[in-house]
Amino acid sequence: MKPWIKKSMLLSISAGLMVPTLAACTKTKGADTKTERVLRVATSFGYGDDEYFRQQFTEIFEFANPNIKIEIIPTMDDSYRYGRVDPNKKPVDPMDKLKEVMQGDNPPDVVMVGYEQLPELISNNMLTQLDPMITKDKFDTSDMVPAVVEGLKKTGDGKLYALAPTFNSSALIYNKRMFDEAGVPYPKDKMTWDETFDLGKRLIKGEGENRKAGFSFSTQSMGDLFYSMQMYTAPLQLRMFDEKGEKMTVDSDQWEKVWKAMLKLKQDKVLPEQQDPSKMKGQMMNGGENFNPFQYDDFLSNRVAMSIINYGQLNQITNANKSAQNYPGYTPIDWDVVTLPVHPEAPDVGGYIGMNGIMSINAKAQNVEDAWKFIKFINSEDWARLKSSSSYNIVTRKKYIKPKDGIQFHIEAFTTLTPAPQQDYKIYREKPSIGQVQDIGRRLFNDVVDGKMQVRDALKKWQTDGDAMLQQIKDNPTGPINNEIMSMRAG
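What you are looking at is a predicted structure, and each value in this text was computed from that prediction instead of being measured.

Enquirer: Could you give an account of the environment of Arg 211, naming the residues involved and the relevant values?
Expert: Inspection of the secondary structure puts Arg 211 in the loop between helix 8 (193–201) and strand 6 (213–216). Discounting chain neighbours no more than four positions away, the residues touching Arg 211 are Ile 204, Lys 205, Gly 206, Lys 269, Leu 271, Pro 272, Glu 273 and Arg 303. Within the structure, Arg 211 has its side chain in polar contact with the backbone oxygen of Lys 269 (distance 2.8 Å).

The following block contains the structure:
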């Protein structure tokens, strides 16, 4: 059973202790508590009418409002679960299916969507603006994390069309002992990327298997630098191709600057070396007194001083430290976190913030009153208090964002920066093969790292080969890429 499912089950058990309070809060003066009504909720994810979804979002509300029955309407095509997908059949676009359901004869009242889906739904006037309801009911949003609220407002041109009760984000974690031993000051909030890289250089130590690196984009030792550096490029809004997905934009001074910065990290040995998978597997299988169950994690293995980490990963570190006596090869880590590094051009923008449970009201909702009641409930202080013990997500209500189990760390590092704007969601939907353009860049970047090509030459080739692929995709947006043509070009 997956850990987050186990966790949700434990939360649902504790939910019973909170229900009386929540129920009391939902009983408003003059509310209709007798007439039975149906609230239809559509989801654009893999949720069906399943136990996990109800435990997370609906069970407590239905208990507190016994006259309201919630009907779940999944819009994700899950045919792949039950057999092979027909390669000749065009896959169902989740967004198209969601819009179709939202405008059907019996439309959903509430829609749960992804952050990247909001702009299209808002621009098509398919969602109800929430600001008037917030004002009318004096629903307090001042205690909500600005990064979440402002991130949602960005999609609606400064207006709120959705709320999200929980979120997930990343921060920069550091090993205090490694800094102390090197006599280097700890990192700070909102350091620039260059400052972070320079700090990392001062922490390099040792050779071979005993080498300690200064910085990593990921705690996982098998991470890929080309894809990892998207955390660095996202705040810069650096594009691979234009807004129509028809022309590459990588043969530029800005892309050259980024690639050279990444190459210098490799050359200066600031980054940890990738571990040999077969060797790590052997060490884990053999066990012994030096057995390290966290061999695949550079930070937990004390191989890197600073690393970008997701909030959900902290639980693994705290559990490892608590159970250190059970792992002879593991040394407990004294750690803390600061915000992600930033660019001078975007001093308040970090990486991605994954908002969970984003909910809006369908513009064609037949039960607007209960839809708003449900969204208010899920985003209330009482709901946040119940969910604040989660190890994997952070509640949006700042009042209940606190380190759990008495562990002290700078948790504000996860809530300070606003999310980097997301790009090209619509293009990837319309042109499913366009992601292969990135693979060309990855191969060429690795050639640069291996000393086979100069940076600008590689970018020029990415531009040329990418343009050829984009033309193929333009001629046949949903068709396969002719790899023979691409191989001839590569040759």
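Enquirer: If you had to explain the environment of Gln 472 to someone new, which residues and values would you point to?
Expert: With respect to the helices and strands, Gln 472 occurs in helix 18 (residues 455–475). The class for Gln 472 is buried, based on a relative accessible area of 18%. Note: C-alpha distance between Gln 472 and Glu 246 (226 residues apart in sequence) is 9.7 Å.

Enquirer: Mind laying out the pairing of strand 1 (residues 37–43), listing which residues take part and the relevant values?
Expert: Counting buried residues in strand 1 gives five out of seven residues, a clear majority hidden from the surface. Two strands pair when backbone bridges link them, and strand 1 and strand 2 (residues 68–74) are joined in this way by seven bridges, in the parallel orientation. Looking across to strand 2, one finds that Val 41 is bridged to Ile 72. Relative to strand 3 (residues 110–112), strand 1 runs parallel, the two sharing three bridges. Within strand 3, the position partnered with Ala 42 by the bridge is Val 111.

Enquirer: Tell me what's going on with the packing of helix 17 (residues 436–449) against helix 18, and back it up with residues and numbers.
Expert: Between helix 17 and helix 18, the shortest axis-to-axis distance is 9 Å and the interhelical angle comes to 160°. Considered as vectors, helix 17 and helix 18 are oriented roughly antiparallel to each other. Pair helix 17 / helix 18 crosses with right-handed handedness. Taken together, the residues of helix 18 that come into contact with helix 17 (itself represented by Gln 436, Val 437, Gln 438, Ile 440, Gly 441, Leu 444 and Val 448) are Val 455, Ala 458, Lys 461, Trp 462, Asp 465, Gly 466, Met 469 and Leu 470. Class assignment of the residues belonging to the contact of helix 17 with helix 18 gives a composition of nine nonpolar, four polar and two charged.

Quick notes on the rules
- Residues numbered from 1 in each chain as written.
- Predicted model: local features only at pLDDT ≥ 70, side-chain atom pairs only at ≥ 80, totals over all residues.
- Heavy atoms only, no water.
- Helix = DSSP H or I, 4+ residues; strand = E, 2+ residues; numbered from the N terminus.
- Contact = heavy atoms within 4.5 Å.
- Polar contact = N/O pair within 3.5 Å; in protein donor to acceptor, adjacent residues only side chain to side chain.
- Buried < 20%, exposed > 50% of the residue type's maximum accessible area, 1.4 Å probe, protein only.
- Pairing = 2+ DSSP bridges.
- Axes fitted to C-alpha atoms, helices over the stretch in contact; angles between N-to-C directions.
- Parallel < 35°, antiparallel > 145°, perpendicular 65-115°, else oblique.
- Left-handed = near helix turned anticlockwise from the far one by under 90°.
- Nonpolar A, V, L, I, M, F, W, Y, C, P; charged D, E, K, R; others polar.

Any functional reading would require information beyond the geometric quantities listed.
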